[in-house]
Amino acid sequence: MSKSHDILCIGSVLWDVIGRAPVHMRQGSDVAGRITRLPGGVAMNIAMTLARFGLKASLLTAIGRDTQGDELIQACEELGMDTTHVYRSEDLPTDRYMAVEGANGLIAAIADAHSLEAAGSKILRALNDGTLGSDDAPYEGFIALDGNLTQRLLEKIAVSPAFAKADLRVAPASPGKAERLLPFLVHDRATLYVNLEEAGLLCQKEFTSSEEAAKGLLDRGARRALVTDGGNSASDATPDGIITQIPPSVMVTRVTGAGDTFMAAHIASENDGANREDSLNRALRAAATYVSGGSPK
Ligand SMILES: Nc1ncnc2c1ncn2[C@@H]1O[C@H](COP(=O)(O)OP(=O)(O)O)[C@@H](O)[C@H]1O
Ligand SMILES: O=c1[nH]cc([C@@H]2O[C@H](COP(=O)(O)O)[C@@H](O)[C@H]2O)c(=O)[nH]1
């Protein structure tokens, strides 16, 4: 029998509506460009990149029973994901995210993940009722967890026996939601994946380099932290030491989803048994390829 999945991805799976224009934009700009709809949400972005590396994700999320939800489930299945444990809500609409990107990067974005928030712990049923695990027989293996869940649910997960044996890989959904991850800063099993700004928000300090930020997170109690900083260096910090590398220099054509690509490529590499240096290198190359418009492998 083939394995139903290699990793659990918990968090938001929604439709990204992205407007892109090849010109410099600012508040009030009204320009010609392209608008696309594609599957998104941090958990989904991670699952999609994991699929490119040959890993099958099972999704724990909330998706509406509306047309957009049916289309999203179909897209997930076509991408090879397991949707068996997705909570399909009768009354909540499928979530959406909307971003505008100009030649000068992300101009603004709005995340409407209200249905995921409203569904709360219902999305975790399979980890509690014995389907995938329970308090007495916790799930073992990789879990990628995104910070779109409410702070209350994240606090519960951080101390839940059902998560006590998992290799937890945690990422904020956006700088605006970074502080929701505070329960994982002093957690003995979690690895944090953050960008420089999010590291600063978690530590309430301004950092000027990934190395400084990664050290700052360890000083605050993190067991392990990976900090990225766009085209600048990225660092992997554990009590054994900090490794810092620089991503390849590329022409940037898209920025939405870079951090998620980095995280997924890093997990895939560690799942293959690669060491810390090689895993950081592979993640940086995959994310740089992604932002340059290519397909990371
Ligand atoms: N300008 C860039 N040049 C090369 N690589 C980049 C660039 N921007 C992002 N990346 C790649 O994507 C990774 C994550 O980018 P970052 O912007 O820090 O994440 P986030 O999307 O979470 O803000 C970087 O570590 C790097 O590998
Ligand atoms: O509050 C949120 N913001 C952003 C995302 C997702 O994160 C990606 C953009 O993030 P970034 O700009 O960090 O790459 C998009 O796919 C979007 O759906 C999300 O799930 N929740």
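Note that the coordinates shown come from a computational prediction; the quantities given were computed from them, not determined experimentally. (Residues numbered from 1 in each chain as written. Chains lettered and ligands numbered in written order. Predicted model: local features only at pLDDT ≥ 70, side-chain atom pairs only at ≥ 80, totals over all residues. Heavy atoms only, no water.)

Turning to the sheet that holds strand β7 (residues 96-102), a few remarks are in order. Strands sit in the order β3-β2-β7-β8 across an open sheet of four strands; the sheet is mixed. Of all the strands in the sheet, just β3 (34-40) and β8 (105-112) have a single pairing partner and so form its edges. Averaged over all pairs of adjacent strands, the angle between strand axes in this sheet comes to 15°, irrespective of strand direction. Pairing of β7 with β8 involves seven bridges; the strand directions are antiparallel. Across the sheet, the residue bridging to R96 is D112, located in β8. (Pairing = 2+ DSSP bridges. Helix = DSSP H or I, 4+ residues; strand = E, 2+ residues; numbered from the N terminus. Axes fitted to C-alpha atoms, helices over the stretch in contact; angles between N-to-C directions.)

Right, let's get into helix α9 (residues 276-291). The end-to-end C-alpha distance of α9 is 23 Å, a good match for the 22 Å that 16 residues give at a rise of 1.5 Å each. Two or three places before E277, at the start of α9, stands the capping residue N275, its side-chain oxygen 3.2 Å from that residue's backbone nitrogen. (Expected span 1.5 Å × (residues − 1). Polar contact = N/O pair within 3.5 Å; in protein donor to acceptor, adjacent residues only side chain to side chain.)

A few words on the site of ligand 2. In the vicinity of ligand 2, 18 residues are found, and the nearest of them are D16, N45, N148, K177 and G257. Separating an oxygen atom of ligand 2 from a side-chain N or O atom of K177 is a distance of 2.8 Å. With respect to ligand 2, the backbone of G257 contributes an N or O atom lying 2.4 Å from an oxygen atom. When the free accessible area of ligand 2 is taken as 470 Å², the share hidden by the protein chains comes to 87%. Comparing atom positions with the cavity grids shows ligand 2 to sit within the largest pocket. Looking at the shell around ligand 2 residue by residue, the classes come out as seven nonpolar, eight polar and three charged. (Near = heavy atom within 4 Å. Areas by Shrake-Rupley, 256 points an atom, 1.4 Å probe, with all protein chains shown as cover. 1 Å grid on protein atoms, 1.4 Å probe; cavity = no way out; pocket = protein on both sides within 12 Å on 5 of 7 lines; lining within 4 Å. Sits in = over half its atoms within 2 Å of the grid points. Nonpolar A, V, L, I, M, F, W, Y, C, P; charged D, E, K, R; others polar.)

Here the focus is the site of ligand 1. The environment of ligand 1 is formed by 15 residues, the closest being N195, T228, G230, G259 and A287. At a separation of 2.7 Å, an oxygen atom of ligand 1 approaches a polar side-chain atom of T228. Protein coverage of the free-state accessible area of ligand 1, which is 550 Å², stands at 80%. In this structure the site holding ligand 1 corresponds to the largest pocket. Among the secondary structure elements, those contributing two or more residues to the shell around ligand 1 are α8 (258-271) and α9. If one sorts the elements of the shell around ligand 1 by residue count, α9 sits on top with four residues. Along the lines of polarity and charge, the residues of the shell around ligand 1 split into nine nonpolar, five polar and one charged.

Our focus in this paragraph is helix α2 (residues 67-78). With 12 residues, α2 extends 16 Å from end C-alpha to end C-alpha; this agrees with the ideal 16 Å at 1.5 Å per step. Of the positions making up α2, those classed as buried are G69, L72, I73, A75 and C76. Angularly, the buried residues of α2 cover 160° about the axis, an arc narrow enough to put them on a single face. Facing away from the buried side of α2, by more than 90 degrees, are the exposed residues T67 and E78. Among the structural elements, β2 (14-20), β3, α1 (42-52), β4 (57-60), β5 (62-64) and β6 (87-89) are those in contact with the buried residues of α2. A positive backbone phi angle near 90° is found at G80, which sits one or two residues after α2. (Buried < 20%, exposed > 50% of the residue type's maximum accessible area, 1.4 Å probe, protein only. Arc of directions from axis to C-beta. Contact = heavy atoms within 4.5 Å.)

The next thing to look at is the layout of surface pockets. What the largest pocket holds in volume is close to 1300 Å³. Together, 50 residues line the largest pocket, and N195, V255, G257, A258 and G259 are the ones closest to its centre. Of all the elements in the fold, those that place two or more residues in the lining of the largest pocket are β2, α1, β8, β11 (190-195), α6 (196-203), β12 (224-228), α8 and α9. Partitioned by chemical class, the residues of the lining of the largest pocket number 29 nonpolar, 15 polar and six charged. (Points joined across faces, edges and corners; volume = space filled by probe spheres on them.)

Counting residues in hydrophobic clusters, the biggest one holds 44 residues, and the most contacted among them are I10, F184 and L217. Ignoring anything within four residues of it in the chain, the contact list for L217 reads L185, L192, V194, A199, L202, C203, A222, A225 and V227. Within the second largest apolar cluster, 40 residues are counted, among which are I46, L55, L226 and A268. (Core = buried A, V, L, I, M, F, W, Y, C linked by side-chain atoms within 4.5 Å.)

Looking now at the UniProt feature "domain: Carbohydrate kinase PfkB" (unreviewed entry) in the protein chain. Cross-referencing UniProt, the feature "domain: Carbohydrate kinase PfkB" (unreviewed entry) maps to residues 5-292 in the present numbering. Across residues 5-292 one finds 31% helix and 26% strand; the C-alpha atoms that close the span lie 29 Å apart. (UniProt positions renumbered as here; feature names shortened; annotations may be inferred.)

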